[in-house]
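# Chains, contacts and geometry: an overview
One letter stands for each residue in the lines below.
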Protein chains: 2
Amino acid sequence: MTDPAGPPATPTPPTSAAVARRAGVSRATVSYVLNGRAAGRVAAHTQARVRAAAEELGYVPHAAARSLRAGRGSIVLMAAPADAVPAFGPLFSHFLAGFQSALHHLGYTGVLHGAPAASPVAAARAWAELRPAAVLALHGPPLDAPAVELLRRAGTAAVLTHGPQAPPGAHALFLDHREAGVLAGEHLLARGRRRIGVVLPAEPGLAAFAGSRLAGVRAAAAGCPGAEVRPLDLALTEESAARLAAAWPALGLDAVFAYNDEYAMLLMRALQDAGRTVGGDPEQIAVVGADDLLPARLLRPRLTSVRTEIAAPDRIAGLVDGLVRDPAAAPAVHRLGTFRLMARDSS
Amino acid sequence: MTDPAGPPATPTPPTSAAVARRAGVSRATVSYVLNGRAAGRVAAHTQARVRAAAEELGYVPHAAARSLRAGRGSIVLMAAPADAVPAFGPLFSHFLAGFQSALHHLGYTGVLHGAPAASPVAAARAWAELRPAAVLALHGPPLDAPAVELLRRAGTAAVLTHGPQAPPGAHALFLDHREAGVLAGEHLLARGRRRIGVVLPAEPGLAAFAGSRLAGVRAAAAGCPGAEVRPLDLALTEESAARLAAAWPALGLDAVFAYNDEYAMLLMRALQDAGRTVGGDPEQIAVVGADDLLPARLLRPRLTSVRTEIAAPDRIAGLVDGLVRDPAAAPAVHRLGTFRLMARDSS
């Protein structure tokens, strides 16, 4: 039954005009009732009749058509591919779930849009097709000025991009990964370490975060005479970790901030398998991870970790709602969270 | 500048009519050119003029309006809250990313929709507002008949729900978790174990999968005289695992299939901390996890794990495209993947 020339048209869904006919009222009345604006305008028994007609016909409002009439959409589009969600860590995915729920209670529909795009403008064009009220670019290259302009011209009231600043017309959502590096660096220096390695993951998509974390460790070390910071390339494989562990004596490092808990667990195991001892005593190698994952607490020694403290989802949803309602709001940088060091036995 | 009475209308985005005026052509011509159907209909230099006009005005087609004209939408809606994505494991989130990419190449926009809903019908109503061409219910309660009917009446050509069967008008996407239990059970029996615990996670949302995995272990044990299977409640906390480990001597179990690698790692560590030995020798406790996570290979002994082998994203995207093009296709059960046991030192 497949039609190679293109899909056949599906049956036309019931319209609000059909609901109006069945209930014997005007389309404006149907709109008032089904969009929750009937109070003081439409009698209770008429409201009941409209609802019954909509129910009988299986009528569902069309989000996009409604947004065209209302002058704004109800979609809040979060731009991040599905495989970036776990890369953010469980904390962030819990944030996203709470955020979707908070948006829902404010009358928005939060969707995660993860199609690949050749450029920020190409991505913005794909997002604009959904006529979102707000776009949050949470991952990938931050939005540039042409991408923001395209979204604004297509009617997106609030455009937020990640990073320390945003192009004209957009707001910034900022999680300062440099702070994670400062915390890890200060902790290791306070534990007497002076030759600190910092893991730069070989996996794609993490370079910007890793670079900021490295800069943070360097900033912490800058205030400490004799302290030295060295970037270390590591892929998330046992082979790569074994190679780094084998090179350890030549590197002469007494500590490592391993980007996150996964790289830290991998490297700690490889160092142990190579006969080195990880821990908090001065003659041991101190290891610090990040994300505070449960498995990292199951290794021995238990892993010290920099925990991300993400903002309350309700607060960010309220921020987005405010920006949608005030599309001309002055651009600002909004903090998405902070960091905290959880000291354990590995450092 | 906030307007408490409601958001102000944003500037009207440029329309295809404006593009037509600027290019000096009809709206039909604009539609042919911008929807890739101009070949043989519109001269090359006219196509170029239309594209230039669209570019100058910053015109972006409206996905929903286009879908109304074409008789079908371009949105493929995947229903799963963001925090379910990591719960599926990294394999599944990589699948989702590949799936979004494959949909993109077929001309669809894949979005992940995770708003909470009171019932399957309420969820379906929220999804229908986006007028999706296809809905894949990947998580939560499987869709029931009224939810499927609502989606079909709203114009959704293809409705797929997870589970072994689907209501009328929908297709099933099935990952048979019972198979994972059969594999774990058969492996433990072959390793000489006869008293097998099966972890049932206390965390919400996993009961259906856990029940199927338990049924699989029971099916494997049914063919083996003297074999006994016992469900074990476990929460994903160190306290819960310590309690279960303390009760172990009274349980008298010689093996455990721990739902997934996280529960397995947690329980293995608690058993070791309680002085028990985990491993493949007959006097040791055999532990099997699932998902084949990297950290599980970093513990000692290395964890045996049941790996999920998810179908190629291209294949599932092609399946969805076929169902959108043939909305009357006979309902069928489509397998989303299979399982494979990775035997290591813990069993």
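Criteria and cut-off values
Residues numbered from 1 in each chain as written. Chains lettered and ligands numbered in written order. Predicted model: local features only at pLDDT ≥ 70, side-chain atom pairs only at ≥ 80, totals over all residues. Heavy atoms only, no water. Helix = DSSP H or I, 4+ residues; strand = E, 2+ residues; numbered from the N terminus. Buried < 20%, exposed > 50% of the residue type's maximum accessible area, 1.4 Å probe, protein only. Contact = heavy atoms within 4.5 Å. Areas by Shrake-Rupley, 256 points an atom, 1.4 Å probe, with all protein chains shown as cover. Phe/Tyr/Trp six-rings, centres within 6.5 Å; stacked < 30°, edge-to-face > 60°. Lys NZ or Arg CZ within 6 Å of the ring centre and 35° of its normal. Pairing = 2+ DSSP bridges. Expected span 1.5 Å × (residues − 1). Axes fitted to C-alpha atoms, helices over the stretch in contact; angles between N-to-C directions. Parallel < 35°, antiparallel > 145°, perpendicular 65-115°, else oblique. Left-handed = near helix turned anticlockwise from the far one by under 90°. Nonpolar A, V, L, I, M, F, W, Y, C, P; charged D, E, K, R; others polar. Core = buried A, V, L, I, M, F, W, Y, C linked by side-chain atoms within 4.5 Å. Salt bridge = Lys/Arg side-chain N within 4 Å of Asp/Glu carboxyl O. Right-handed = clockwise from strand over helix to strand, strands pointing away. pLDDT = per-residue confidence, 0-100.

As annotated in an unreviewed UniProt entry, chain A is LacI family transcriptional regulator from Streptomyces albospinus.

A tally of helices and strands in chain A yields 15 helices and twelve strands. By residue count, 56% of the 347 residues in chain A fall in the buried class. In chain A, the proportion of contacts linking residues at least 24 apart, taken out of those at least 6 apart, comes to 71%. Total accessible area computed for chain A in this model is approximately 13900 Å², and 55% of it derives from carbon and sulfur atoms.

Another aspect to go through is the packing of aromatic side chains. Counted by the stated rule, this structure contains four aromatic pairs over all chains. A cation sits over an aromatic face here: Arg-213 of chain A above Tyr-259 of chain A, 4.9 Å from the ring centre.

Successive side chains on a regular strand alternate, one facing one side of the sheet and the next facing the other. Residues and elements named next belong to chain A. Every second residue of strand E5 (residues 171-174) is oriented toward a common face, with His-171 and Leu-173 on one face and Ala-172 and Phe-174 on the other, all of them buried. One ladder, built from three bridges, connects E5 with strand E11 (residues 333-335); its direction is parallel. Bridge pairing links Leu-173 to His-334 in E11.

An ideal rise of 1.5 Å per residue puts 18 Å on 13 residues; helix H14 (residues 313-325) of chain B measures up with 18 Å between its terminal C-alpha atoms. Those residues of H14 of chain B lying buried are Ile-316, Ala-317, Leu-319, Val-320, Asp-321, Leu-323 and Val-324 of chain B.

Moving on to the sheet that holds strand E7 (residues 228-234) of chain A. All names here are of chain A. The strand order across the open sheet formed by six strands is E7-E6-E8-E9-E10-E12, and the pairing between neighbours is mixed. Edge positions in the open sheet fall to E7 and strand E12 (337-342), since each of these has one partner strand only. The mean angle between the axes of side-by-side strands here comes to 20 degrees, regardless of whether they run parallel or antiparallel.

On to unusual backbone geometry. Residue and element names in this part refer to chain A. For the bond running from Arg-300 to Pro-301, omega is -5 degrees, close enough to zero to count as cis. By the secondary structure assignment, Pro-301 is in the loop between helix H14 (294-298) and strand E10 (304-310). Although it is not a glycine, Arg-131 adopts a positive phi angle of roughly 50 degrees.

Further remarks concern the packing of helix H1 (residues 16-23) of chain B against helix H3 (residues 44-57) of chain B. All names here are of chain B. Interaxial distance between H1 and H3 falls to 9 Å at its minimum, and their mutual angle equals 125 degrees. Between H1 and H3, the angle falls in the class oblique. The interaxial crossing formed by H1 with H3 has right-handed handedness. Across the interface between the two elements, Ala-18, Val-19, Arg-22 and Ala-23 of H1 pack against Arg-49, Val-50, Ala-53, Ala-54, Glu-56 and Leu-57 of H3. Looking at the contact of H1 with H3, its residues break down into seven nonpolar, no polar and three charged.

Sheet architecture is open: twelve strands sit in the order E11(A)-E5(A)-E4(A)-E3(A)-E1(A)-E2(A)-E2(B)-E1(B)-E3(B)-E4(B)-E5(B)-E11(B), paired in mixed fashion. Of all the strands in the sheet, just E11 of chain A together with strand E11 (333-335) of chain B have a single pairing partner and so form its edges. For this sheet, the mean angle separating the axes of adjacent strands, direction not counted, is 25 degrees. Taken together, the four bridges between strand E1 (residues 75-79) of chain A and strand E3 (residues 134-137) of chain A define a ladder with parallel strand orientation. By the bridge assignment, Ala-79 of chain A is partnered in E3 of chain A with Ala-137 of chain A.

Below, the discussion takes up the nonpolar core. Of all hydrophobic cores here, the largest spans 96 residues; its most connected members are Phe-99 of chain A together with Phe-99 of chain B. With 64 residues, the next largest nonpolar core counts Phe-209 and Leu-234 of chain A together with Val-256 and Ile-285 of chain B among its residues.

It is worth spelling out the pattern of salt bridges at this point. Residues and elements named next belong to chain A. Scanning the entire structure with this criterion turns up 26 salt bridges over all chains. Among the ionic pairs, Glu-149 bridges to Arg-153, the shortest N-O distance being 3.5 Å. One end of the pair is Glu-149 and the other is Arg-153, both in helix H8 (residues 145-153) and four residues apart, which spans about a single turn. For Glu-149, a relative accessible area of 45% gives the class partly exposed.

Moving on, we get to the pairing of strand E6 (residues 195-201) of chain A. Residues and elements named next belong to chain A. Counted residue by residue, E6 has five buried out of seven residues, so it is predominantly covered. Pairing between E6 and E7: seven bridges, direction parallel. Along E7, the bridge assignment pairs Val-199 with Leu-232. The handedness of the E6 to E7 crossover, carried by helix H10 (residues 207-222), is right-handed. As paired elements, E6 and strand E8 (residues 255-257) share three bridges and run parallel to each other. Paired with Gly-197 across the two strands is Val-256, which belongs to E8.

On to H1 of chain B, then. Residue and element names in this part refer to chain B. Every buried residue of H1 is accounted for by Ser-16, Ala-18, Val-19, Ala-20 and Ala-23. Against helix H2 (27-34) and H3 lie the buried residues of H1. Looking one or two places after H1, you find Gly-24, whose phi comes out positive at around 70 degrees.

Per-residue confidence for chain A gives a mean pLDDT of 88; residues scoring 70 or more make up 90%. Contacts from residues 1-10 of chain A, a stretch scored under 50 in pLDDT, to residues over four places away or in other chains number 15 contacts.

All names here are of chain A. In the contact formed by helix H9 (residues 177-190) and H10, the axes pass within 6 Å of each other and the chain directions differ by 40 degrees. Regarding the angle of H9 to H10, the classification is oblique. Along this stretch, H9 crosses H10, giving a crossing that reads as right-handed. When H9 is examined against H10, the residues His-177, Arg-178, Ala-180, Gly-181, Val-182, Gly-185, Glu-186 and Leu-189 are found in contact with a partner set consisting of Phe-209, Ser-212, Arg-213, Ala-215, Gly-216, Val-217, Ala-219, Ala-220 and Ala-221.

With respect to the element layout, Thr-109 of chain B can be found in strand E2 (residues 109-113). For Thr-109 of chain B, a relative accessible area of 14% corresponds to the buried category. Here Thr-109 of chain B is in contact with His-113 and Leu-130 of chain A together with Ser-74, Ile-75 and Val-76 of chain B, once residues within four sequence places are set aside.

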